[in-house]
Every structure is written in structure tokens, then in C-alpha cells.
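Listed below, chain by chain, are the residues.
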Amino acid sequence: MSYGGDGKELTGYADADGNMPEDRHTISGYAFLLHGGAVSWTTKRQEIISLSTMESEYVAATYTAKEALWLRSLISQIFDTTLTLTMLFSDNQSAIALTKDHQYHTRTKHIDIRFHFIRWIIENGTLQLIYCPTDNMVADTLMKALPSPKVKHFAAELGLVSV
Amino acid sequence: MPTTKAPEPVVEAPDAEGEPRNQVLEGEGTADWMMAADCVEEYALAAVISESEALEPRSVKEAKRRPDWPLWEKSIEEELDVLKAAGTWELADAPEGANIVGSKWVFHAKKDSAGNVVRYKARLVAQGFSQVPGVDYFNTFAPVAHLASIRAVLAIAAVEDFEIHQIDIKGAYLNGILTSDEVLFMRQPLGYAIPGSQGKVCRLHKTLYGLKQSGRRWYQRLVEIMVDELGFTRCEVDQAVFFRRCGKSLIIVLVHVDNCTIVATAQSLIDRFKIEIAKHVGITDLGELHWILEIEIRCICERRKIYLSQHSYIKSTLRCYGLDDLKPVSLPMETNIRLTSNQSPSTTEEFAKMRNIPYHEAVRSLMYASLGTRPDITYAVQTISRFSKNLGLIHWEAVKRIFRYLKGTKEL
């Protein structure tokens, strides 16, 4: 794992896999990159059963937002800096749209209010949820077994390079 | 580490079929796969034993019989002097019915990197297992720095070109102070009772290694030292991170029990901090940071880069499970195999096959690699850990595959 070199700000990647056939729970996860290396990452089975990919991605984004807030307060407190807007990437356009308005009411009315936490955070101006194509989604490697070129690519993206 | 527990269903399944469990297992004992599984366990045992135990006596009685007894005796006296100087206990009569915690000597021979013994060490430990919850101890938790905080601080330190040093606190747990609620009595050290005080016991004032609350009391003492005495601020979101800012200068201390990683804007701040903290606790100065929690750290200051690697941890883990001759692969998980609990054993024969496989231990070792520096295996480890209750051969193959992947990529 390497850090340094091209000085980049904290960025987060949130992703969720489709439902597992076994119990219909979704695997979701996030990775945070800071100065070219991953500082925080996790893979977790979501405790809820979601009805659409959009919902799983939305829930994953909320989990990621929580970690982003923690990392932001850690860094800003220790180093006494005011951090700029933290970018979170998601590879699901509908989930991003859902953070902005209530367009798809019939398909989203069941989503628990607590997952709408991310809306408030985005309105606040601390985070920004941005679309990122699946090919560039580094958190994808935390979600599924990928073929060899992708594993290598994402490992390098996460800062895993030999000295 | 090498003790393996059979998953619970192993016990239940033979009963369901009305067969005694032992017979089934004996019958299967000669099959090839059993041999392989047994070997793994033996390798693991051998690795652990040869490293340490052969050299060190396990009790005072054993130490006394050995030719190197004078050296051990000296180390015991040193430890008693340390405890006395710290005011760890005073002799007292135990009240009627009080719980008396046992004590034991633990010996350790410290070796240098070439394997020569450099120091004989004896430590008096309390037998905390005999403490009564709610009477002898209450809460036992103590925070340590999150790995994410450590990584984030190191990443920023590398880019900003900060100095990174490390110290160890000597006998950290001996610094913890017991509260007035905790009236603890301990048996006098074996073979070293003060003459004429045979009926008396040690009324503890400070913590010892082995007590349930030692970790927590040490942490509380550390907070006192850092915040009240040295003027540090405790980070609100990670309570084992302390920092002190003065104008542009900044010093950060990340604490993991007795291991302090110090990050500062200038070398002079670190030197000053080391002198300050040494006034309160004994420290070992380890100089620049090279090693933290099994993670090797390499700083390349000119390029403002820092590398974290667990390659020696991975290497020793592979050796521990006897898997170091496996062929490396480029994928941590096969893409076309879906692991489900349907593949868990269902027949007695299958249960017996899985009996001696150190699955939990292996998953635990992989988990630490995945948490430390290897996000690329996180998904695979998460998947296999779901089957630790009831594993099948295919799950064990998946574990071995992660090890093979790590073997091929351990330099990352």
C-alpha cells in the first residue's frame, strides 16, 4: 500500500452488488482514497432486503456518507484544516437522482427515512455524490469476484503497488 | 492458535443417525485428506513451539531446576524491585470471605534478530480469571487507534514530509491506578513471600498484567498524562489519538496500548515529547517508525511517499498453516464458483472430513491482512467468513486460494 506522490484529496467510492440469490441481502461496500492510497474500506452485507439495485446503491451511499463524515472530522480536527467538498462516487444514476428529488415515488416510498440521511448531508454541502462509470469504480473489487485484469487494475487504483 | 474446534453440527449429525461420533472418526482416520489436515495442525504447532517455548521455563519450580536459574532469579528480583518502586501493593490481612486473586511468574527470554538471548525477563501476572465481575472489576474496555486513523495520518504525514517516530511504554499496565471501588487482593508472589508475613496478602493499588481492568486503567492513566500533564488534546472521533498544536507546529500521538506512533512537523518536537513523557512512564525509544502492528512501514522522504506492507506477516502466516509451497495464483477468488451454505457438509462422512481443518484461525489471519493493507482480498475474506459455522471442502479450497493469491502478491 502506498501513499503520496500525486497529492489528491479525500474521495470516496460507494458500490453495491445485486442481491445474493441465497438470502436476498445485498453486499455493499466503500473505499476511501487519500493521496493515492486507500485509507478506509469495508465490505458488508446490508441488513435490509432491498427491492431494487437503486435502493441498494442508495443505502450503500448512505453508509459511505457516514464514514466520509468520520474521516473528515478526524482529518479536520487533527490537522486543523477546513476540508473542501468531499466527492463520493456512485455508479448508479438513479441513486444519485434520488438524493436530489422524489421522482420515483412508487418505487421508493418504502425506503426507510434514515437512509435519506445522505440527502441532508448533500444539501449541507459537505458531500457531493457524483456518477462514475462501473469501469472506474474501485469499490467494485470489494463487491464481487472480478476477472484478473480488473483485479490488477483496481488493486493499483487502491494504492497497492510494490515498492 | 493450533487448537481447532469442530463446528457444532459435527456433534449433532452423528447423533441424528444414532452413531457414536468416535467410531465414525476413527474409521475415517487413515484417509489421505485426514493426513493432510493433521499435518497442517502439526506444522502450526511446531512453528509456535520452536519459536519460543523451548527456551523459557513455565514455572518458578521448573526455573529452579535449570542451570540458568541465577539469571532467572536475578530477573525475578528486578521485577519485584520495579513493582515495589511503583507501589503496586501493600501487605494486608484479607477480610473474611474476600476473593483472593492468584499470581504467577511468567518468564521470557528476549532475543535479538540473530536469535541470541539478550535479556532474561520475569513478569508477575495476576490470574485475572479468578476475578469476580461486578465485585473485582467493572468495565474492561479501552480504546486503541483505528487502523483507518493510522493510515490517514501516515498518508498525510508522508505528503507533508512530517517526521514519524515510535516509542514503546515499558510495562504499560503497571502504570494503571485502581479506583477506590476496586478493592483487590492478590496472593503473594510464589516463593517470594516476605518472611514473617505468610498469612498476609497483597492489597493492590495499581494494576498488574493479567487483571481484567488493567487495559482500561492504563488507558485512563495515559489520558491523564497526555491531556492533564502534557497539554495534548484527545481527538473526539478517535479517542486513542492525541495531538498538540502550537502555531504552525503540530505533534500527533497515535496509541495502541503501549505502542505510540509519533508524527510531528519537526524533529525537535518529537525529542521534546520523548523527554516529557519519560518523566511519567518508562519508555523504549524505537527511533524512526519501521514497524507497527505487523505492518512494515517504509518512508521515502525525497519522493514524499510512504509504503505500508504486510509481506512478512503474510509469509509467516503461510508458514504457520503449512501452505507456503502452494502455487501462486492471480485471482483471490474464482469468478465462476458461487459459494453458498448448500455446499456445507450434510453427511457424517463430510463432517468428519472437515474436522481438523484450522478454518477459523486461517480466516482470522486473512481478516487481519484484509483490514491492514489488503482491500483486494476483502471481498473474498468477507465471503468465506460467512461459512465459518458450517464449512465444506469447497469453502476451505476458497481459503487456500486467497492464501495462494497472497503468496503471489505479498510484495504489494
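Everything numeric here is computed off the predicted structure, so don't read it as measured data. (Residues numbered from 1 in each chain as written. Chains lettered and ligands numbered in written order. Predicted model: local features only at pLDDT ≥ 70, side-chain atom pairs only at ≥ 80, totals over all residues.)

Caption draft 1: Summary view of the overall build of chain A. A tally of regular secondary structure across chain A gives five helices and six strands. Scanning chain A from its N terminus toward the C terminus, one meets helices and strands in the order β-β-β-β-α-β-α-α-α-β-α. Against the globule reference of 15 Å for 163 residues, chain A gives a C-alpha radius of gyration of 16 Å, in line with a compact fold. Seen through its C-alpha atoms, chain A measures out along the principal axes to roughly 50 × 40 × 25 Å. Expressed as a percentage of its 163 residues, the buried residues of chain A come to 47%. Expressed as a percentage of contacts within chain A between residues at least 6 apart in sequence, the contacts between residues at least 24 apart total 68%. (Helix = DSSP H or I, 4+ residues; strand = E, 2+ residues; numbered from the N terminus. Rg over C-alpha atoms; globule rule 2.2 N^0.38 Å. Buried ≥ 20, exposed ≤ 12 C-beta atoms within 10 Å, placed from the backbone. Contact = placed C-beta atoms within 7 Å.)

Caption draft 2: Seen up close, the overall build of chain B. Of the regular secondary structure elements, chain B holds 13 helices and 15 strands. Per-residue burial for chain B yields a buried fraction of 36% across its 412 residues. The contacts in chain B between residues at least 6 apart in sequence include a share of 74% that link residues at least 24 apart.

Caption draft 3: Molecular detail of the interface of chain A and chain B. Taken together, the contact between chain A and chain B spans 40 residues of the former and 41 residues of the latter. The dominant element in the side of chain A that touches chain B, judged by the number of residues it contributes, is helix α1 (residues 53-79) of chain A, at eight residues. Its residues assigned to classes, the side of chain A that touches chain B comprises 24 nonpolar, 13 polar and three charged. Bridging between strand β1 (residues 2-4) of chain A and strand β15 (residues 305-309) of chain B involves three bridges; their strand directions are antiparallel. Its bridge partner lying in β15(B), S2(A) is registered against Y307(B). (Nonpolar A, V, L, I, M, F, W, Y, C, P; charged D, E, K, R; others polar. Pairing = 2+ DSSP bridges.)

Caption draft 4: Highlighting the pairing of strand β7 (residues 201-204) of chain B. All names here are of chain B. Relative to β7, strand β1 (residues 89-92) runs antiparallel, the two being bridged by four bridges. Paired with E90 across the strands is R203, a residue of β7. Where strand β6 (residues 185-186) lies against β7, two bridges are found, and the strand directions are antiparallel. Residue pairing in the sheet places F185 in a bridge with R203 of β7.

Caption draft 5: Inspection of the sheet that holds strand β11 (residues 259-264) of chain B at higher detail. Residue and element names in this part refer to chain B. Ordered by their spatial adjacency, six strands build an open sheet running β8-β9-β10-β11-β5-β12, and the pairing between neighbours is antiparallel. Two strands in the sheet have a free side with no partner beyond their single neighbour: β8 (233-234) and β12 (283-288). Strand direction decides the pairing type here: strand β9 (residues 241-246) and strand β10 (residues 249-256), joined by six bridges, are antiparallel. Each residue of the ladder has a partner; that of C246, found in β10, is S249.

Caption draft 6: Main features of the nonpolar core. Ranked by internal contacts, the top residues of the largest apolar core, which has 144 residues, are A31(A), A152(B), V153(B), A155(B), V253(B) and I402(B). Residue contributions to this core peak at 12 residues, all from α1(A). Each residue touching V153(B), except ones within four places of it in the same chain, is listed here: I78(A), I252(B), L254(B) and V263(B). (Core = buried A, V, L, I, M, F, W, Y, C linked by C-beta atoms within 7 Å.)

Caption draft 7: Broad picture of the environment of T88(B). Residue and element names in this part refer to chain B. Relative to the helices and strands, T88 resides in the loop between α5 (69-86) and β1. Given 20 C-beta atoms within 10 Å, T88 falls into the buried group. The residues contacting T88, other than those within four sequence positions of it, are L83, L174, L204, H205, K206 and L208.

Caption draft 8: Expanded view of the environment of L142(A). Looking at the element boundaries, L142(A) is found in the loop between β6 (127-131) and α5 (148-157). By C-beta crowding, L142(A) is classed as buried, having 29 other C-beta atoms within 10 Å. Through-space distance from the C-alpha of L142(A) to that of S28(A) is 7.9 Å; in sequence the pair is 114 residues apart. Excluding anything up to four places from it in sequence, L142(A) contacts G29(A), A31(A), W41(A), T43(A), P375(B), T378(B) and Y379(B).

Caption draft 9: Just the sheet that holds strand β2 (residues 100-101) of chain B, in detail. An order of β1-β7-β6-β2 (chain B) is seen for the four strands of this open sheet, with the pairing classed as mixed. The two strands at the open ends of the sheet, each matched to only one other strand, are β1 and β2 of chain B.

Caption draft 10: Up close: the pairing of strand β14 (residues 295-300) of chain B. All names here are of chain B. Inspection of the sheet shows strand β13 (residues 291-292) paired to β14 by two bridges, in the antiparallel sense. Within β14, the residue paired with W291 across the bridge is E296. Hairpin connection between β13 and β14: a loop of two residues separates the two successive antiparallel strands, and L293 in this loop has a positive phi of roughly 50°. Taking the residues that link successive antiparallel strands as the turn, the β14-β15 hairpin has four residues, and the phi of R304 there is positive, at about 55°.

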